[in-house]
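What follows is each chain in one-letter form.
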Amino acid sequence: MTMRMAEPLELAIARTKRTEALFTGAVASPALKLILPDIPVISRAFAPMVREGRHEASEMAIATFLMAKAAGKPLVLLPVVLASRFQESALLRLASGPVRGPADLVGRRVGVRAYSQTTGLWLRGAIQEGFGIPPGAMRWVTFEDAHLAEYRDPPFAERAPKGADMLAMLRGGELDAAIFGNDTPSGEDLAAVFPDPAAAGEAFRARHGFVPVNHLLVMRGDVAASRPGAAAELLALMRRAGAEVTDRAGLAPAITVAIRYCVEQGLLPRTLTLDEVWAGSPA
């Protein structure tokens, strides 16, 4: 009897505690062979995936996916959370500067890698809900474009000078606050804008019932349509590796709030329904 070869699937994901077993081969499948490209900074995979469908499946920021879905990009969602965290500790100020808390951000210059960055999405939403400050009340300074090529930043955002460094701008007083995401720096001259980031995070969870979701798992629509068995096997592998595999109902609260924030912040032109979000998904 001839043994059937495992089908290959190229998957762009970060190497984390949730996925390490997939990279080492400790979790594997005789039916699906994962091809895992080395991508040191996983956010660099998002634009090529959205713009050209470079990978068959990929990790993707929730904001990027929603923007791509609204723009008609052929991506489908799989119910896997690959990154989630409270965001408040990522918003920093100078310890000696004029900003002492979120209420002081009105009219201030706030740096963020891209206006569409998911950490910024969640933080702007929390600031608007908790302090009544809409995104347009701040001056957003961005350093790169959105992953979705068609998107243009709102009029209250401006581009930093070419080659500028966000941390240097913060320390030099050119920014009043900045959002750093995973690579949040430390130093005695820096402090969190939220006086108690942990308490602010727990307050968010108390309001909404979930920890903010940063990265999900998506698949190209043509792959999902032609290989539903590969999608099911990928979910099984993710679960065995220790990733947070949930379902549509489990993700509904986070997706619903993320959609609302995206609309309020000018990232989406209209509200998406959950049916639209899950359109084409085999899960």
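Structure: see above.
Given the structure is predicted, the values throughout are model-derived calculations rather than measurements. (Residues numbered from 1 in each chain as written. Predicted model: local features only at pLDDT ≥ 70, side-chain atom pairs only at ≥ 80, totals over all residues. Heavy atoms only, no water.)

Draft legend 1. Representation of the overall build of the protein chain within the structure. For the protein chain, the helix and strand inventory stands at ten helices and twelve strands. A compact globule built from 283 residues should have a C-alpha radius of gyration of about 19 Å, and the protein chain, at 20 Å, falls within 12% of that. Oriented by its inertia axes, the alpha-carbon framework of the protein chain measures out at about 75 × 40 × 40 Å. Scored against the burial criterion, the 283 residues of the protein chain give a buried share of 53%. Counting contacts in the protein chain only where the partners sit at least 6 residues apart, residues at least 24 apart contribute 77% of the total. (Helix = DSSP H or I, 4+ residues; strand = E, 2+ residues; numbered from the N terminus. Rg over C-alpha atoms; globule rule 2.2 N^0.38 Å. Buried < 20%, exposed > 50% of the residue type's maximum accessible area, 1.4 Å probe, protein only. Contact = heavy atoms within 4.5 Å.)

Draft legend 2. Main features of the environment of Gly120. Note on placement: Gly120 falls in helix α4 (residues 118-131). A residue is classified by how much of its surface remains accessible, and Gly120, at 0% relative accessible area, is buried. Spatially, the C-alpha atoms of Gly120 and Glu88 are 9.9 Å apart, while their sequence positions differ by 32 residues. Not counting chain neighbours up to four residues away, the residues in contact with Gly120 comprise Ile179 and Gln265.

Draft legend 3. Focus on helix α6 (residues 197-208). Taking 1.5 Å per residue, twelve residues should reach 16 Å; α6 reaches 17 Å between its end C-alpha atoms and fits that length. Taken together, the buried positions of α6 are Ala200, Gly201, Phe204 and His208. One face of α6 carries all of its buried residues, which in axial projection span an arc of 100°. Looking at α6, the residues exposed on the side facing more than 90 degrees away from the buried face are Ala198 and Ala206. Against α4 and α9 (248-264) lie the buried residues of α6. Directly beyond the C-terminal end of α6, a positive phi value near 85° is found at Gly209. (Expected span 1.5 Å × (residues − 1). Arc of directions from axis to C-beta.)

Remember that the coordinates give geometry; whether it matters functionally is a separate question.
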